[in-house]
Amino acid sequence: MISVEGLVKRFGRREILSGITLSVETGEVAAVIGPSGGGKSTFLRCLNGLETFDAGKVSVCGHALGPHAHDPRMLREVRRSVGFVFQQFNLFPHKTALGNCVEAPVQVLREPRDAAVARAREMLQRVGLAGREDAYPRNLSGGEQQRVAIARALLMRPKAILFDEPTSALDPVMAAEVLGVMTGLAREGQTMIVVTHSMHFARNVARNVHVFAGGRVVEAGPPARVFSDPQHETTRSFLREAGVQAT
Amino acid sequence: MRFLALLLLATAAFADDSWDRALRSGVLRWGADEEGGGPYVFRDDDERLTGFEVDLADAIGRYLGVKMEFVQGQWDRLPDMLRADKIDVVLNGYEWTPDRVLAMEATAPYYVYALQLLARKGALGSWDELRTGATRKVGCLTGSAAHELMEKLAEEGAPIEVVGYDGNTDAMKHVETGNLDATLQDTPIASFYAPHFPALVPVGDPVAPGYYVMYAREGDHRLVNRLNEALIVLFRNGELERIYAKYGMWTKEQGQLATILETGRFFGFQKAALSEAAARGEATAEEVRIGERKRGWAVVTGYGMQLVRAAGITVVLSLLSFPLAVAAGILIALGRLYGPRWLRPPLAFYVEFLRGTPLMLQLYFIFFFLPELGVNIPAFACAILGLAINYSAYESEIYRAGILAIPRGQMEAALSLGMPRRTALRRIVVPQAARIVVPPVVNDFIALFKDTSVCSVVTIIELTKRFSVLSQSTQATVELMLLTGALYLLMSYPLSIVSRRLEQRLEAA
């Protein structure tokens, strides 16, 4: 579904990603963890073309992205097949919760508005926001906003969804609401790559965990192994600081 | 009450004449407009002030024993400067007119001029052709005797469209380029500039002779008498002839000056002489009768409608040019932010160039330079085009700032949903930016609304210009100014209210 080979990204002379290789299969939930500044978010943004990269190969749902400039049409295809959920939600402030959800299906998929609205209502209900359809983002809590953002991404029927630290801007209660929705999606077999600081989610929901540090994947594998028997010193110190006890 | 009246009388009796001040300070300030050009007052190749009026002023100064200090002023505003005590004498081709002597003191004439009609070779055969046939455009210096004569002809039904200019040669240039059919000029100008405009020929003989006089502040009788005295002496000793001959303008009509100056048969002389005699307590044989004319607030009631109609022109100019400026501004802003890389530097230059040069110069360029390249645009279209282009630069900066104020995450979220950049702009970024830019855009509109007054340089008579013309002909400057200001406020204030409403509504959404 998604495979990355030797991905290199530089900002000026600073190398952010120094050759990332990993792959995610259909239906897989991959968690990306690691210390801040390890290149996790940049990696995710390279996958849907929000950032260009300098070397390597990225293949997303059958579309191959190369280094530097991207063809805009192909880029749109890639973005249509993978959803993206931002740390800061990035809801459209001039539209209601429902309006945020309906916008892309109507504008991009050319769905009739009525059909899009019906689907959007259903989706908002699924993420626990029935009755909040007409609220503007500024009147929603952070947790509610992030769930609208997830519904907005899901309505595009994406083959995969990329989550960029979806709960980092939320307090624990709201984070739990959002993680609950994400866990539900994982159970239904939604392919997801989740950059997260929630070790609980990585350990219990992900099939594979990738530990990023200094622009490299220092360790990868099923959470049971990575968490109980970390091979790399960086992983060990990171897990210690994150408060995870090796068992 | 009686005491107050006495005090007023006393002040009037002891009030200084400008001549007394000139004697004390040794300086007499005379006002003229360099822009009027040769042969009156202009800069020669060495940037020195020259012209027959400069020579005349110097000769008068030598005779009177005072230094004549030149003060630059816009030609049609010289009487206002006189009233405001910025100058003591107006000496700049000002014709003797019954209206002007109501509000100022006139000296004896120093030159006999006439009006010469000029047209392109073969374009106009005689004056009679002006009275019949197709409508012809005739340009004149705004507020001049030539202007009044043409307006009078037009009022009498001649098919003439009179176009007022701020500078003498502008109209001649426009006859050459074909924007005008003819121009009516004072004889000194027509002969002085003839070599510059070889395409123009005189039509018929000069008409409507009149007198150039100096004007002094109302009540400055002693100054006027000294000036008259100087003129008589300069005429007698041949100095006047020498000066006029130097500029090629000593014509046989100047012989009239002899009669007028020697016999003292001129308005200003009589009035000044009688008044000085009265001040000395001498018996006065006769009284100068001044016809009853509209002054002060009566002018406002009489000419108010003219101002209201001119305000309509102001509104039309604004309403036609602003939408163009907005549309161009949006395109420029989008081009600079999202357009192809090669397009960005020229757009940035466009904005900097138009913001960095005065609107008036840009209008001049469109109006006077484009015709030389063979592009002839009607004055009204020039004005709208000039305003739209100038304001498009300011508008584009407002929109650019508005779009840049929208967080990057908005564009990223839209792109991540698979929207093309164009759709993302149209549906997500621009609607949010629109809320931010409403107040500055309304502000800009109000500024443009007032800037329409600059369009007078391309002969459009809008509110400010109409005020200027009326105040020149009626001398009721203060009253007309108050009415004009009130009209502007009346039109722009509702805009402010609409803007505030719009802001509140967008705030609520």
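Residues numbered from 1 in each chain as written. Chains lettered and ligands numbered in written order. Predicted model: local features only at pLDDT ≥ 70, side-chain atom pairs only at ≥ 80, totals over all residues.

1. Comments concerning the overall build of chain B
Then comes step 1: Counting its secondary structure elements, chain B contains 21 helices and ten strands.
Then comes step 2: Within chain B, buried positions represent 40% of all 509 residues.
Then comes step 3: Counting only contacts in chain B whose residues sit at least 6 apart along the sequence, the fraction spanning at least 24 positions is 77%. (Helix = DSSP H or I, 4+ residues; strand = E, 2+ residues; numbered from the N terminus. Buried ≥ 20, exposed ≤ 12 C-beta atoms within 10 Å, placed from the backbone. Contact = placed C-beta atoms within 7 Å.)

2. Considerations on the interface of chain A and chain B
The extent of an interface is frequently quoted as the accessible surface area lost upon association of the parts.
Then comes step 1: Listed per partner, the contact involves 17 residues of chain A and 16 residues of chain B.
Then comes step 2: Listed by contribution, the elements that provide at least two residues to the side of chain A that touches chain B are α2 (72-81) and α3 (97-107) of chain A.
Then comes step 3: Residue composition of the side of chain A that touches chain B, by class: eight nonpolar, five polar and four charged. (Nonpolar A, V, L, I, M, F, W, Y, C, P; charged D, E, K, R; others polar.)

3. Looking at unusual backbone geometry
Then comes step 1: One non-glycine residue with positive phi stands out, namely C61 of chain A, at about 50 degrees.
Then comes step 2: Within the element layout of this structure, C61 of chain A appears in the loop between β4 (55-60) and β5 (63-65).
Then comes step 3: With a phi angle near 65 degrees, D85 of chain B is a residue other than glycine that sits in the positive phi range.
Then comes step 4: Relative to the helices and strands, D85 of chain B resides in the loop between α4 (78-83) and β5 (89-90).
Then comes step 5: D85 of chain B sits in the exposed class, given 11 other C-beta atoms within 10 Å.

4. Quick notes on the nonpolar core
Then comes step 1: Formed by 132 residues in total, the largest nonpolar core has its most connected members in A31 and C101 of chain A.
Then comes step 2: Those residues in contact with A31 of chain A that lie beyond four places of it in its chain are V194, T196, F201, A202, A206 and V209 of chain A. (Core = buried A, V, L, I, M, F, W, Y, C linked by C-beta atoms within 7 Å.)

5. Let's talk about the sheet that holds strand β7 (residues 160-164) of chain A
Residue and element names in this part refer to chain A.
Then comes step 1: One open sheet holds the six strands; their spatial order is β6-β7-β8-β3-β9-β10, and the pairing between them is mixed. Each edge of the sheet is formed by a strand with only one pairing partner; in this case those strands are β6 (82-85) and β10 (216-221). Each strand axis lies, on average, 15 degrees off the axis of its neighbour in the sheet, ignoring direction.
Then comes step 2: With five bridges connecting them, strand β9 (residues 208-213) and β10 associate as antiparallel partners. (Pairing = 2+ DSSP bridges. Axes fitted to C-alpha atoms, helices over the stretch in contact; angles between N-to-C directions.)

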